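Working through the structure, step by step
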Amino acid sequence: MQSRAPLLEALLEYNHMARGNFHVPGHKQGQAWSEREKRWFGSILALDLTEVGHLDDLHDPRGVIADAQALAAEAFHADHTLFLVGGTTAGNMALILSLCQPGDRLLVQRNSHQSIFHGCYFAGVRAIYLPTRVDVVTGLAEPLQPAEIDQLLHQYPDAKGVFITSPSYEGMVQPIRAIADICHRFDVPLFVDEAHGAHFGFHPVLPLSAMQLGADVAVQSTHKMLSSMTMSSMLHIKGSRMEVDQVARALRMLESSSPSYPLLASLDVARRDIVTSGRQRMEQVLHHLISLRAAMEAWCHLREVQMPGIQDPLKCSLKADGRMTGFQLARWLEQRGIYTEFADLAKVLLVFSLGTTAVELQTLSIELLRLDQHLTLLPHRNAHDIPVFPKPVSSDLSFAEIRIATKEVIPLTEAEGRIATEMLLPYPPGIPVILPGELFTQANIHYLGRIIEAGGKVKGSMLSSVCQVSVIK
Ligand SMILES: Cc1ncc(COP(=O)(O)O)c(C=O)c1O
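If you're wondering where the values come from, they're calculated on a predicted model, not measured in any experiment. (Residues numbered from 1 in each chain as written. Predicted model: local features only at pLDDT ≥ 70, side-chain atom pairs only at ≥ 80, totals over all residues. Heavy atoms only, no water.)

**A closer look at the overall build of the protein chain**
Helix and strand content of the protein chain: 14 helices and 15 strands. Relative to its length of 473 residues, the protein chain is compact, with a C-alpha radius of gyration of 23 Å against a globular reference of 23 Å. Projected onto its principal axes, the C-alpha positions of the protein chain cover 65 × 55 × 45 Å. Per-residue burial for the protein chain yields a buried fraction of 53% across its 473 residues. Considering only contacts in the protein chain between residues 6 or more positions apart, those separated by 24 or more positions represent 69%. About 21400 Å² of surface is accessible on the protein chain, with carbon and sulfur atoms providing 53% of the total. (Helix = DSSP H or I, 4+ residues; strand = E, 2+ residues; numbered from the N terminus. Rg over C-alpha atoms; globule rule 2.2 N^0.38 Å. Buried < 20%, exposed > 50% of the residue type's maximum accessible area, 1.4 Å probe, protein only. Contact = heavy atoms within 4.5 Å. Areas by Shrake-Rupley, 256 points an atom, 1.4 Å probe, with all protein chains shown as cover.)

**Quick look at the nonpolar core**
For soluble globular proteins, nonpolar side chains are generally found buried alongside one another. Counting 76 residues, the largest nonpolar core has Leu 302, Leu 314, Phe 352, Leu 368, Leu 371 and Phe 440 as its most contacted members. Among the elements that line this core, the one with the most residues is helix α10 (residues 261–296), at 12 residues. (Core = buried A, V, L, I, M, F, W, Y, C linked by side-chain atoms within 4.5 Å.)

**Quick look at the pattern of salt bridges**
For side chains bearing opposite charge, pairing can occur when the charged atoms are close. Throughout the structure, instances matching the rule amount to 20 salt bridges. The salt bridge partner of Arg 105 is Asp 158, with a shortest N-O separation of 3.5 Å. With Arg 105 in strand β2 (residues 105–109) and Asp 158 in the loop between α6 (146–155) and β4 (162–165), this pair connects stretches of sequence that are 53 residues apart. Judged by its relative accessible area of 26%, Arg 105 falls in the partly exposed class. The exposure class of Asp 158 is partly exposed, given its relative accessible area of 45%. The shortest N-O distance in the salt bridge between Arg 241 and Asp 187 comes to 3.0 Å. Of this pair, Arg 241 sits in the loop between β7 (233–237) and α9 (244–254) while Asp 187 sits in the loop between α7 (176–185) and β5 (190–193), placing them 54 residues apart in sequence. Asp 187 gets classed as exposed once you look at its relative accessible area, which sits at 55%. Residues participating in the shared-partner salt-bridge network are Glu 170, Asp 344 and Lys 347. (Salt bridge = Lys/Arg side-chain N within 4 Å of Asp/Glu carboxyl O.)

**Some thoughts on the environment of Tyr 261**
Turning to its location among the elements, Tyr 261 is positioned in helix α10. For Tyr 261 and Leu 45, which are 216 residues apart along the polypeptide, the C-alpha to C-alpha distance reads 9.8 Å. Among the polar contacts made by the side chain of Tyr 261, one reaches the main-chain carbonyl oxygen of Leu 55 at a distance of 2.7 Å. (Polar contact = N/O pair within 3.5 Å; in protein donor to acceptor, adjacent residues only side chain to side chain.)

**So, unusual backbone geometry**
Put simply, Val 24 and Pro 25 share a cis peptide bond, and its omega is 0°. With respect to the element layout, Pro 25 can be found in the loop between α1 (6–17) and α2 (35–47). In this structure, the amide linkage connecting Ser 166 to the following residue, Pro 167, adopts the cis form with an omega of 0°. In this fold, Pro 167 is placed in the loop between β4 and α7. Residue Asp 56 is not a glycine yet carries a positive backbone phi of 65°. For Asp 56, the location among the structural elements is in the loop between α2 and α3 (64–75).

**A look at the pairing of β2**
Of all five residues making up β2, four are buried, and the element is well covered by its neighbours. Where β2 meets strand β3 (residues 126–130), five bridges bridge the pair, whose relative direction is parallel. Bridge pairing in β3 links Arg 105 to Arg 126. Handedness of the crossover is the feature at issue here: the chain leaves β2, passes through helix α5 (residues 114–123), returns alongside β3, and the resulting connection is right-handed. In this sheet, β4 lies alongside β2 in parallel orientation, the contact comprising two bridges. Within β4, the position partnered with Val 108 by the bridge is Phe 163. (Pairing = 2+ DSSP bridges. Right-handed = clockwise from strand over helix to strand, strands pointing away.)

**Some words on a nonpolar patch on the surface**
Side chains of Leu 97, Tyr 121, Phe 122, Met 253 and Leu 254 sit close together on the surface and give an oily, nonpolar patch of about 460 Å² of accessible area. Residue assignment for the nonpolar patch shows that the elements contributing at least two residues are α5 and α9. Structurally, the position occupied by Tyr 121 is in helix α5. Relative accessible area serves as the criterion here: at 30%, Tyr 121 is assigned to the partly exposed category. (Patch = residues over 30% accessible without salt bridge, like charges linked within 9 Å, V, L, I, M, F, W, Y side chains within 5 Å.)

**Description of the site of the ligand**
Taken together, 13 residues lie around the ligand, and Thr 89, Asp 193, His 196, Ser 221 and His 223 are the ones closest in. One of the side-chain N or O atoms of Ser 221 is found 2.7 Å from an oxygen atom in the ligand. Notes on the ligand: free accessible area 390 Å², of which the protein chains cover 89%. Elements that contribute at least two residues to the shell around the ligand include exactly α4 (87–99) and α8 (222–225). The dominant element in the shell around the ligand, judged by the number of residues it contributes, is α4, at four residues. Residue composition of the shell around the ligand, by class: one nonpolar, 10 polar and two charged. (Near = heavy atom within 4 Å. Nonpolar A, V, L, I, M, F, W, Y, C, P; charged D, E, K, R; others polar.)

**Digging into the packing of α3 against α10**
The N-to-C vectors of α3 and α10 enclose an angle of 35°; their axes lie 10 Å apart at closest approach. When the axes of α3 and α10 are compared, the crossing they make is left-handed. Facing α3, whose interface residues are Ile 65, Ala 68, Leu 71, Ala 72 and Ala 75, α10 presents Tyr 261, Leu 264, Asp 268, Arg 271 and Val 275. Broken down by class, the residue content of the contact of α3 with α10 amounts to eight nonpolar, no polar and two charged. (Axes fitted to C-alpha atoms, helices over the stretch in contact; angles between N-to-C directions. Left-handed = near helix turned anticlockwise from the far one by under 90°.)

**Focus: the sheet that holds strand β10 (residues 342–343)**
Strands sit in the order β8-β9-β11-β10 across an open sheet of four strands; the sheet is antiparallel. Here the strands that pair on one side only, and so sit at the sheet edges, are β8 (302–304) and β10. Relative to strand β11 (residues 347–351), strand β9 (residues 315–320) runs antiparallel, the two being bridged by five bridges. In the sheet register, Ser 317 faces β11, and the bridge partner there is Leu 349. Sitting on the sheet, α10 touches β8 and β9, and the angle it makes with β9 is about 15°. Against the sheet, helix α12 (residues 358–376) touches β8, β9 and β11, its axis set at about 125° to β8.

In structure tokens, the structure reads:
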């Protein structure tokens, strides 16, 4: 059955059967478009249908969508899978909204994606942050310590659950099994934001997935590391600590009532392909990556950043012994047609997948070697000049208290000691440097200033300029 794609098949059947389309969307499978643009969009518009005939309904699935989700659940080791058209962003928020009531406590990783904090904000949750230590060599957060989660669950016996992120954007994996065992001893669910790990468990050299390791829920951006279309994700549930119906209800509130069929069908195809031919294609990419990493050994300046924990082999963070920032590395590569995932002050991140071709990897290898040679011509700067992710300092105010506080906008440079009312986050990766309720310190002001100065993007939730920040008056 895994060789079937019921949702795609139903869309193709519609195309075969239909003699008149008298329903939305108004482009009528592209008939309203000019031929010029249809050259690009045509085949997708033919699939851009709605809940008619046998096409089922995402928010009350009983037919082909239910079948497609059931096949996904089987493939991803879940009891239930829900397809998402608002990305992992929607899944993360729906989970928090369906688990928590206003005032509830939830244990949350501090270096989480903004969607988790937005979920806490909407649900009025008091987030208790898991201790985060930054590895001074790499500037990356170290893996979580399960014993500290155990201690926090003792300290907050009313906590509703634990929400962690694994793998990180850079591909570092958390000790999920140990954390799941602790959560289950306290009978609370473990949620894993597995946005970057949809491919886990599909090849022996890849880490196991959160579902395989005992998590209660995992949300995966199938579009990031597998092959579905952008914005399509999956939410997997195992066991009885999280009710599917509750999550589905929250998703109905958060997502469009007209979900995109091309996105949904692309999830169906991504699942079919990873199960039926994925391992073989993954094998080829992994094989080429072994050669690339072996070639890197001989380079003088460019190095792969070694993660402080287990690493996804499909992610590669490169740094250049202080001769260029990550932003400069990315720009140098971009000028030669090599587009990377993201850069920060220290490093540039490359992402590979089963879609990466041998030709692309060969081009990359040639350009990286050239870059390494170019670096020799540049003056060496102290690598320690690059600031590490600053330690957050909490004011203990909840999101709800901040929401109603009187605010004022002041220059970032004058904010030291003041309490932030908005998130400030370099994007990507979308991990907030400052959260509402945290204090501006010399370290985080300097860190943000350096990112802006180096040409990085920093978003402040509501403000158009991060040089102006919102603080409590
Ligand atoms: C760790 C993490 N979680 C969640 C998200 C949101 O995922 P999506 O883009 O599928 O909404 C991202 C996006 O970059 C992410 O890095």
